[in-house]
Amino acid sequence: MLDYTLPPHLLRRLDAAHPDGAVRYAERSDLTADGRFGESFLVLKGDRLLSLTTDDIVLDLGMDEIKEIRIVELMGGSSLVAALRNGGERRLVKYTRTLVPEFGVYCRLLNTILEGMPEIVPEPEGDALCPRCGNPLPERGATCPACINFFAVFRRLLSLLGDYRVRLGILVSATVVGVIAGVMPPIITKEITDGVIIGGQVDRLPLLIFLMLVCGFVFFITRYVSTYLASWLAARLIADLRTRLHAHLQKLRMGYFSKREAGELVSRVMHDTQELQHFLIDGLPYLFVNTLSFFAIATVLLSLDWRLALIVFIPVPILICGVRWI
């Protein structure tokens, strides 16, 4: 924080303009002086405060000319403004919301220097943007949601279910059987239409009706078992996860708690885990069922008429690519 390394050509320009004094603090902004997206810099060199573009020095003020530095809140961003001792004002730099903490610290530091007090630079709060993909982070220093390996996260969640392997196995088995029972009625209906109605094989009708009823009964039972076990395992997993979080919080240093509100920590342990529980109960089972159903239905369609099935599958790549792009 405040130790941004300026490009060599700007350093040479600064040295040419003010040979005396070293660069004490420098910060890069993501807006230009006219409010457009681009780079600009605010540099304290010796006792001179300078605002720079990527090509030139646009503002050069002595610290003895400045009475106070203040922040002006703008729509979507802010700016630092220097109140001059002669009564005027000069805008130093504009920046977006992602850099509010950095320039907030810079403002306090400059005012501390103007008041002749010791210079204290706080520790960095973490990046506002993901260093890998450049997307804004939900919280400074947090993990980027766009760069998360969801399969690795899923494996970590499954590791919490290691003590409940039997119930998990029953859940997966019931889900698979339920999907098979769900795709069987169309096949039985085909047999009734082709064999009984068209083919005249009336003696097969009782067996086919019985199989239809069995499929419905099996589907109902497996759906009930799957829903019950998914809810039970989700509740058990969340309880274990909250226990681990509570134990981990007790091992952290006091400095961690001094930087965070108590409500934020409670929200992490209670609200965030509750959202995970909703996903495990309402989201993950349906994702699993629908994925299995897709492949099961695709298999049935290909077995009935592969040419007609290929025509049906034409929109699938478009839907997948479109959803991913959106």
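The coordinates are above.
Residues numbered from 1 in each chain as written. Predicted model: local features only at pLDDT ≥ 70, side-chain atom pairs only at ≥ 80, totals over all residues. Heavy atoms only, no water.

A. Spotlight on the overall build of the protein. A tally of regular secondary structure across the protein gives nine helices and seven strands. Here the protein has a C-alpha radius of gyration of 32 Å; the compact-globule value for 326 residues is 20 Å, and the former is much larger. With the principal axes as the frame, the protein shows a C-alpha extent of 105 × 50 × 30 Å. If you take every contact in the protein between residues at least 6 apart in sequence, the share linking residues at least 24 apart comes to 50%. As displayed, the protein has an accessible area near 21,100 Å², and 63% of this comes from carbon and sulfur atoms. Here the protein contributes 34 positive and 34 negative side-chain charges, whose respective centroids are spaced 6 Å apart. (Helix = DSSP H or I, 4+ residues; strand = E, 2+ residues; numbered from the N terminus. Rg over C-alpha atoms; globule rule 2.2 N^0.38 Å. Contact = heavy atoms within 4.5 Å. Areas by Shrake-Rupley, 256 points an atom, 1.4 Å probe, with all protein chains shown as cover. Lys, Arg positive; Asp, Glu negative; His and termini not counted. Charge placed at Lys NZ, Arg CZ, Asp CG, Glu CD.)

B. Representation of the packing of helix H8 (residues 306–313) against helix H9 (residues 315–325) in the model. For the pair H8 and H9, interaxial distance at closest approach is 5 Å and the crossing angle is 25 degrees. The orientation of H8 relative to H9 falls into the category roughly parallel. On the side of H8, the interface is formed by Ile311, Val312 and Phe313, while H9 contributes Pro315, Val316 and Pro317. Across the contact of H8 with H9, the residue classes break down as six nonpolar, no polar and no charged. (Axes fitted to C-alpha atoms, helices over the stretch in contact; angles between N-to-C directions. Parallel < 35°, antiparallel > 145°, perpendicular 65-115°, else oblique. Nonpolar A, V, L, I, M, F, W, Y, C, P; charged D, E, K, R; others polar.)

C. Geometry of the sheet that holds strand E1 (residues 23–31). An order of E1-E2-E3-E4 is seen for the four strands of this open sheet, with the pairing classed as antiparallel. Single-partner strands in this sheet number two, and they are E1 and strand E4 (57–62). Going across the sheet, the axis of each strand differs from the next one's by a mean of 15 degrees, ignoring polarity. Examined bridge by bridge, strand E3 (residues 48–52) and E4 share five bridges and lie antiparallel to one another. When the sheet's bridge partners are listed, Leu52 is paired in E4 with Ile57. The strands touched by helix H1 (residues 8–17) within the sheet are E1, strand E2 (37–45), E3 and E4, with E2 carrying the most contacts at an inclination of about 40 degrees. Packing of helix H2 (residues 100–114) onto the sheet brings it into contact with E1, E2 and E3, and relative to E1 it is tilted by some 145 degrees. (Pairing = 2+ DSSP bridges.)

D. Focus on the pairing of E1. Relative to E2, E1 is paired through seven bridges, and the arrangement is antiparallel. Paired with Val23 across the strands is Lys45, a residue of E2. Linkage of E1 to E2, two consecutive antiparallel strands, is achieved through a turn of five residues, within which Gly35 is found at a positive phi near 85 degrees.

E. Local environment of the packing of helix H4 (residues 165–198) against helix H7 (residues 262–304). Close contact between H4 and H7 brings their axes to 10 Å; oriented N to C, the two are set at 35 degrees. H4 and H7 meet at a crossing whose hand is right-handed. Two secondary-structure elements touch here, H4 through Val172, Thr175, Val176, Val179, Val183, Ile187 and Lys190 and H7 through Phe288, Val289, Leu292, Ser293, Ala296, Ile297, Val300 and Leu304. Along the lines of polarity and charge, the residues of the contact of H4 with H7 split into twelve nonpolar, two polar and one charged. (Left-handed = near helix turned anticlockwise from the far one by under 90°.)

F. View of the nonpolar core. Leu49, Ile69, Leu80 and Leu92 are the most contacted members of the largest nonpolar core, which has 24 residues in total. Secondary structure elements with two or more residues in this core: E2, E4, strand E5 (66–74), strand E6 (77–84), strand E7 (89–96) and H2. In terms of residues, this core owes the most to one element, H2, which gives seven residues. Ignoring any residue separated from it by four or fewer positions in sequence, one finds Leu92 in contact with Leu42, Leu49, Ser51, Leu59, Leu61, Ile69, Leu80, Val81 and Ala82. Formed by 13 residues, the second largest nonpolar core is a distinct cluster that contains Leu157, Leu160, Leu161 and Leu171. (Core = buried A, V, L, I, M, F, W, Y, C linked by side-chain atoms within 4.5 Å. Buried < 20%, exposed > 50% of the residue type's maximum accessible area, 1.4 Å probe, protein only.)

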